[in-house]
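The primary structure of each chain is shown beneath.
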Amino acid sequence: MEVFDKVGDFGCVPNKETYYFTIEALCRRFIYDRAWSVCEKMLDGESFPDGEEVGKIISWFCKGGKAKDAHIVYLLAVEKNKQLPQSSINFLITSLCKKDKTVKLASEMLDGFSGEARKYAIKPFLSVVRGLCRMKNVDEAKALLLKMIPWGPPPGNGVFNSVVKWLFKGWRYGQRKEDYKTDGGLKPDVYTYTVVMSGYANGGQMDQACKVLSEDKDKHMKPSPVTYHTLIRGYCKIEECYMALKLLAEMKDFGVQPKCS
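Structural notes, computed from the coordinates.

Each value, and the rule that gives it
- Residues numbered from 1 in each chain as written.
- Predicted model: local features only at pLDDT ≥ 70, side-chain atom pairs only at ≥ 80, totals over all residues.
- Heavy atoms only, no water.
- 1 Å grid on protein atoms, 1.4 Å probe; cavity = no way out; pocket = protein on both sides within 12 Å on 5 of 7 lines; lining within 4 Å.
- Points joined across faces, edges and corners; volume = space filled by probe spheres on them.
- Helix = DSSP H or I, 4+ residues; strand = E, 2+ residues; numbered from the N terminus.
- Nonpolar A, V, L, I, M, F, W, Y, C, P; charged D, E, K, R; others polar.
- Axes fitted to C-alpha atoms, helices over the stretch in contact; angles between N-to-C directions.
- Parallel < 35°, antiparallel > 145°, perpendicular 65-115°, else oblique.
- Left-handed = near helix turned anticlockwise from the far one by under 90°.
- Contact = heavy atoms within 4.5 Å.

### Section: the layout of surface pockets
Empty pockets left among the atoms are what a rolling probe the size of a water molecule brings to light. Taken as a whole, the largest pocket encloses approximately 310 Å³ of empty space. Contributing to the lining of the largest pocket are 15 residues, with S107, E108, D111, L144 and K147 lying nearest its centre. For the lining of the largest pocket, the secondary-structure elements that each account for two or more residues are α7 (103-109), α9 (122-134) and α10 (138-151). Per element, the largest residue contribution to the lining of the largest pocket is four residues, and it comes from α10. Class assignment for the residues of the lining of the largest pocket results in six nonpolar, two polar and seven charged. In this structure, the second largest pocket spans a volume of roughly 260 Å³. Around the second largest pocket sit 13 residues that line it, and Y74, V78, Q86, I89 and G112 are the ones nearest its centre. Residue assignment for the lining of the second largest pocket shows that the elements contributing at least two residues are α5 (67-79), α6 (86-96) and α7. Taken together, the residues of the lining of the second largest pocket break down into seven nonpolar, four polar and two charged.

Laid out in structure tokens, this is it:
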């Protein structure tokens, strides 16, 4: 760093290699604030490293908890038409999604995915969906899920369940069965059914919860213990203990082992 600081004293202008290796040295020593000050000078100047090197700079700042700063580097790289490694872009998106304040930046970056890159970008898309759900922007997460079905990447049950979980976690009474089904080849799994039943049970709508249980039993050979526990707690909550006992007996008929809880 001392050598870098003296470059200007000798009337020299740092080139892209000087900036890159200085930032690398500081990041490897976890001196991220100093590294960012050097990076700011690089961004203000005319020297800008190649795409591969910029990708590494972005990844270093993400590892140092400076994803928002890394995003500034990303934006300038895009402006300069630098070809960044896809792994660095994915890492930046997942890093931005760790904090509520930067999830929107990550969501905006998804618009840059197309073709093969979008087809295999399930991890960054999943990170954005989960980030939006964590912020309780469930409608935005659901809209993104619905876009993924025709345009990719194929969402899979991980994305699907994240949205369903938060739709019912806030007790959205207005949700219908159709809200946890799609025409994109996805099928609700045991976890999905349990989340939906939990939402109904928490709101005291046990008839609806039992209808979901019936569908679950039609789709799966044996419901999970957690599924039954969810309904039993729901019936106990509204003081219909006879129904709770009925479900307990049904568990034994299905070979589902009750737990102490």
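### Regarding the packing of helix α3 (residues 32-44) against α5
Across the interface, α3 lies against α5 with an axial gap of 11 Å and an inter-helix angle of 20°. As far as their axial angle goes, α5 and α3 are roughly parallel. Remark: the crossing between α3 and α5 carries left-handed chirality. Here W36, C39 and L43 of α3 come into contact with α5, specifically with D69, I72, V73 and L76.

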